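Topology and contacts: notes
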Protein chains: 2
Amino acid sequence: MKVSVIVIGDELLLGQVVDTNSGEIARHIAPYGWEVNDVQAVGDDASEIRRAIDRAFELSDVVLTTGGLGPTKDDITKSVLRDYFGGELKEDAEVMANVMDVVGRRGFKINKLTAAQAIVPTSCRVIQNRVGTAPIMWFEKDGKVLVAMPGVPFETREMFQSEVFPQLRRKFNSDVDIEHAVLMVTDYTESGLAEKIAPWEEALPDYLHLAYLPKPGLIRLRIDGVHRDKDFISGEVRRAASELLDMLGDAVIATEDLTPAQILLNQCRQKGLSLATAESCTGGNIAHELTLVPGSSDVFVGSVVSYSNEVKMSLLGVNSRTLDENGAVSIPVVKEMAVGVLRATGAKVAVATSGIAGPGGGSEDKPVGTVCMAVAMTVDGNTEVFAESRHFPGNRGRVIDASTTRALIDAIKLVRSI
Amino acid sequence: MKVSVIVIGDELLLGQVVDTNSGEIARHIAPYGWEVNDVQAVGDDASEIRRAIDRAFELSDVVLTTGGLGPTKDDITKSVLRDYFGGELKEDAEVMANVMDVVGRRGFKINKLTAAQAIVPTSCRVIQNRVGTAPIMWFEKDGKVLVAMPGVPFETREMFQSEVFPQLRRKFNSDVDIEHAVLMVTDYTESGLAEKIAPWEEALPDYLHLAYLPKPGLIRLRIDGVHRDKDFISGEVRRAASELLDMLGDAVIATEDLTPAQILLNQCRQKGLSLATAESCTGGNIAHELTLVPGSSDVFVGSVVSYSNEVKMSLLGVNSRTLDENGAVSIPVVKEMAVGVLRATGAKVAVATSGIAGPGGGSEDKPVGTVCMAVAMTVDGNTEVFAESRHFPGNRGRVIDASTTRALIDAIKLVRSI
């Protein structure tokens, strides 16, 4: 089943917010064999919205819109939909009860603008929005469906997954099965990996498709299989994944679509090892990546973000001589940081970073993008430390992201070794 | 000048990556009075790409594409463009030299796939990509321009800003001026704010437009003015901003489009105060937000991410009795964390959090989403502490984001008070 998505709002075209809704929708429907055919982003402009709906109905039987349903003056989607599908705008008592309930739970009082959320076109069927005030509207036309959803990402996700998509599934039966497998590959560039597996890739049958999804330091290799026979395609995808695994060996750090943080947490949990970080240039981002994972608290104990040299010495016990002789961005310092955070927190595995994220602070010897990373692990009273220095291209955010990923991968490899 | 953007790649429609390029482009061109008219996301499919280009040329004189130029088999944009604009595919010596240079700087060797990047349609003019291997291609047709850029966000940003946009500006003269002002507003809901300023907003002249850009805990209120007379519109936008400021008073925490982290760092820098964080449920995210800001190291000294109670006690000196009597998620504990990190790091301002980000860990008394936040500041030897407990809706990531923002706002208000 093909789906067209229209994301609505001037803020999208001004680049003030990033559309994550279309991606959420796509990821959720893919396992059911549904796919997003195209995404259009348009402003809060009646003729642009109408034109986008026309185009979407040309391509797809299901059209999903997000956004443009807020209580403020610039949101006009509701009246555009009334013009498009007919009917009139009328207050809906059930929606009003829901709006009052949602607003009340947030501890606010209802006002004129919020109350206007309860006015909906008579041509739609309403799906109550349990987590926000904008009602979800289901329109039908010539056997095709348009569902208008709010733009706030968590409302869209929650309501699309729990109500909208199940109802769409009931209406349109999907007749193909889609299966996929993912390998997380490190140590290769995209083109290096492509060259390595080229002969194999070229021999893939029509019903299997391979996609390269590079991130800094990591390539997600995704095999998609589409076929009417579920058992057949599931076997074929498994076979292809296992062939790739044979070819790539140790470079594959996971056979599930997990973040490096998830992989490391799973490994540590399995081996009963607690985890800490000591971060300078990554500034807490490794801890943040780890703690974004639900349940991380049974493995991750904490972190010291030692941005200043004073904190490196006072909280991590880094030797002042090591700092003076080597500078903060050096292998000896980052090793002492890793070992220091093991001591300070009692954790068994540590990840440490010290680098120059830029734009300032670079030198001939240590240009912006230079990052030293260390991982330390204590097993049976012995502490093993691995450290490396790398150079990452790009701006500050990219250096932080790339070194976060690489430091986590170094830890994954160290913990895997026991 | 109207611009249409086409973002290309199956990974976008599968929701495996999020398009940030169109937003980067929009934000960069807005100050010059250029605007993105629409964004289309299409897969790696020749007929879809052709159809999108047709549609884009209908709407705009400038079409920008990103993505689909990688070295792997699934990227087909280049051959589609050759078909569309004519000419033939031919190796370009200058591009080859550039590819070898870029690959060499990364410490890799060139392979067959990377070398293929140097093959370009003869119908385009190449703009050398200084930061990646995919060449940028400039096509013209009936006075309109299409520029094909790579999809890797940092390459697109770097090359669009330094080369592509300046060249587009030279070709098309813009004849209107755009001015804007931004107010960062807290303490209001979107509809509460809209109601408060409704009479004022309705009286705005045609050439001024107001947009509400809500984020958890914060609303960016943006005034855009478009007019041929630069001095006139600049005065009008300034006047509107100052009227809003009078109406909203203390709820405005900045009159520039800055993140809460940037605002707090600026305030601390101005007042000569160093800054630290002590984080439990935000897990390093506040430190990460702060250290994403270039130059943060002259204010921010570090952080203790005290995920476990042991680390709260050992590194922050939280009293075990305070923990036993109140639980980790409590006002007394988070106050001790804030004061503790001042002591541990020597900083003058501290932000601390302890909460239940979910999905597990909630109770009747303290449901998922409950977060206690404290800010502490030492001036002239006296330490002042402010703490509050709030409930944030949504999933784990949203609770972390919202409490990060709120804790930073609490600190902004405390530091502003002296």
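The residue count restarts for each chain, going from 1 along the sequence in the order it is written. Whichever chain is written first is A, and whichever ligand is written first is 1; the rest continue in order. Per-residue local features of the predicted model are confined to residues with pLDDT of at least 70, and side-chain atom pairs are confined, for both listing and counting, to 80 or more; whole-chain, interface and lining totals are unaffected and use all residues.

Structural notes on unusual backbone geometry
All names here are of chain A. Just so we agree on the cut-off: Strands here mean DSSP runs of E at least two residues long; helices mean DSSP runs of H or I at least four residues long; both are numbered from the N terminus.
Cis peptide bonds are those with omega within 30 degrees of zero, and the linkage from G358 to P359 qualifies with 0°. Following the sequence through the fold, P359 ends up in the loop between β15 (349-355) and β16 (370-379). Positive phi, close to 50°, is recorded for D380, a residue that is not glycine. Counting through the fold element by element, D380 comes out in the loop between β16 and β17 (382-391).

Thoughts on the relation of the copies chain A and chain B
As a reminder, the rule being used: When the copies are overlaid, the least-squares fit takes in C-alpha atoms only where the residue has pLDDT of at least 70 in both copies.
For these two chains of identical sequence, chain A goes onto chain B by a turn of 180° and a shift of 0.0 Å along the axis, with RMSD 0.1 Å. Considering both components of the superposition, the chain copies are consistent with a two-fold axis.

Focus: the interface of chain A and chain B
Stated formally: Contact between residues is assigned whenever the C-beta positions, reconstructed from backbone atoms, fall within 7 Å. Only Asp, Glu, Lys and Arg are considered charged in this grouping, and only Ala, Val, Leu, Ile, Met, Phe, Trp, Tyr, Cys and Pro are considered nonpolar; every other residue, Gly among them, is considered polar. When DSSP finds two or more bridges between two strands, those strands count as paired.
The partner chain B presents 80 residues to the 80 residues of chain A that form the contact. Counted by class, the side of chain A that touches chain B contains 33 nonpolar, 30 polar and 17 charged residues. Here strand β2 (residues 35-42) of chain A runs beside strand β2 (residues 35-42) of chain B; their pairing, made up of three bridges, is antiparallel. Bridged to A41(A) within β2(B) is V39(B).

Things to note about the pairing of strand β9 (residues 177-185) of chain A
All names here are of chain A. Of the strand pairs in this sheet, β9 and strand β11 (residues 218-227) are connected by nine bridges, and their pairing is antiparallel. In the sheet register, V185 faces β11, and the bridge partner there is I219. Of the pairings in the sheet, the one linking β9 to strand β12 (residues 252-254) comprises two bridges and is antiparallel in character. Its bridge partner lying in β12, V185 is registered against V252.

Examining the nonpolar core
The line we're drawing: Remark: nonpolar core denotes a set of buried Ala, Val, Leu, Ile, Met, Phe, Trp, Tyr and Cys residues whose joining runs through C-beta atoms within 7 Å. Any residue with 12 or fewer other C-beta atoms within 10 Å of its own C-beta is exposed, any with 20 or more is buried, and the rest are partly exposed; the C-beta atoms used are placed from the backbone.
Among the nonpolar cores identified, the biggest contains 155 residues, and A338(A), V341(A), A350(A), A338(B), V341(B) and A350(B) are the most heavily contacted of them. Residues in contact with A338(B), not counting those within four places in the same chain, are A278(B), A350(B), A352(B), A374(B), V375(B), A376(B) and V385(B). One finds M159(A), V5(B), L12(B) and I25(B) within the second-largest nonpolar core, a separate group that totals 93 residues.

So, the sheet that holds strand β10 (residues 208-215) of chain B
Residues and elements named next belong to chain B. Applied cut-off: Between N-to-C directions, angles span 0 to 180 degrees; the directions come from axes that are lines fitted to C-alpha atoms, helices contributing only their stretch in contact.
Across the sheet, four strands lie side by side as β10-β11-β9-β12; this open sheet has antiparallel pairing. Every interior strand has two partners, whereas the edge strands, β10 and β12 (252-254), have only one. Averaged over neighbouring strand pairs, the angle between their axes works out to 35° when direction is ignored.

What about the sheet that holds strand β1 (residues 2-8) of chain B?
Strands sit in the order β6(A)-β7(A)-β8(A)-β3(A)-β1(A)-β2(A)-β2(B)-β1(B)-β3(B)-β8(B)-β7(B)-β6(B) across an open sheet of twelve strands; the sheet is mixed. The sheet is open, and its two borders are formed by β6 (125-127) of chain A together with β6 (125-127) of chain B, each paired with just one other strand. Put simply, the sheet's adjacent strands are angled 20° from each other on average, direction ignored. Relative to strand β7 (residues 136-141) of chain A, β6(A) runs antiparallel, the two sharing three bridges. Its bridge partner being in β7(A), V126(A) is matched across the sheet by M137(A).

What to know about helix α14 (residues 331-345) of chain A
All names here are of chain A. Using the following cut-off: By this rule the span expected of a helix is its residue count minus one, scaled by 1.5 Å.
Helix length check: α14, at 15 residues, gives a terminal C-alpha distance of 21 Å against a target of 21 Å (1.5 Å per residue), a fit within 8%. With respect to burial, α14 is a largely interior element, twelve of its 15 residues being buried. The first or second residue beyond α14 is G346, which carries a positive phi of 80°.

Brief notes about the domain arrangement of chain A
Residue and element names in this part refer to chain A. Filter applied, for reference: Residue ranges for the domains originate in an automatic or database domain assignment.
Here chain A is described as being made up of domain 1 (2-171), domain 2 (177-254) and domain 3 (260-416). Once you take the C-alpha centre of each, domain 2 and domain 3 turn out to be 31 Å apart. Taken together, the residues of the side of domain 2 that touches domain 3 sort by class into four nonpolar, two polar and one charged.

Brief notes about the confidence of the model for chain A
Our working rule: For every residue, the predictor reports its confidence as pLDDT, a number between 0 and 100.
Per-chain confidence: chain A averages 91 in pLDDT, with 98% of residues scoring 70 or above. Here the prediction assigns the complex a pTM of 0.74, and the interface score ipTM is 0.73.

Some points on the packing of helix α3 (residues 46-59) of chain A against helix α4 (residues 77-85) of chain A
Residues and elements named next belong to chain A. Selection rule: In these notes the angle categories are as follows: under 35 degrees is roughly parallel, over 145 is roughly antiparallel, 65 to 115 is roughly perpendicular, and the rest is oblique. Each crossing gets its handedness from the near helix: less than a right angle anticlockwise from the far helix is left-handed, clockwise is right-handed.
Packing of α3 against α4 brings their axes to within 10 Å, and their N-to-C directions diverge by 55°. As the angle between them shows, α3 and α4 are arranged oblique. The handedness of the crossing between α3 and α4 comes out as right-handed. Facing A46, I49, R50 and I53 of α3, the residues of α4 in contact are T77, V80 and Y84. For the contact of α3 with α4, the per-class residue count stands at five nonpolar, one polar and one charged.

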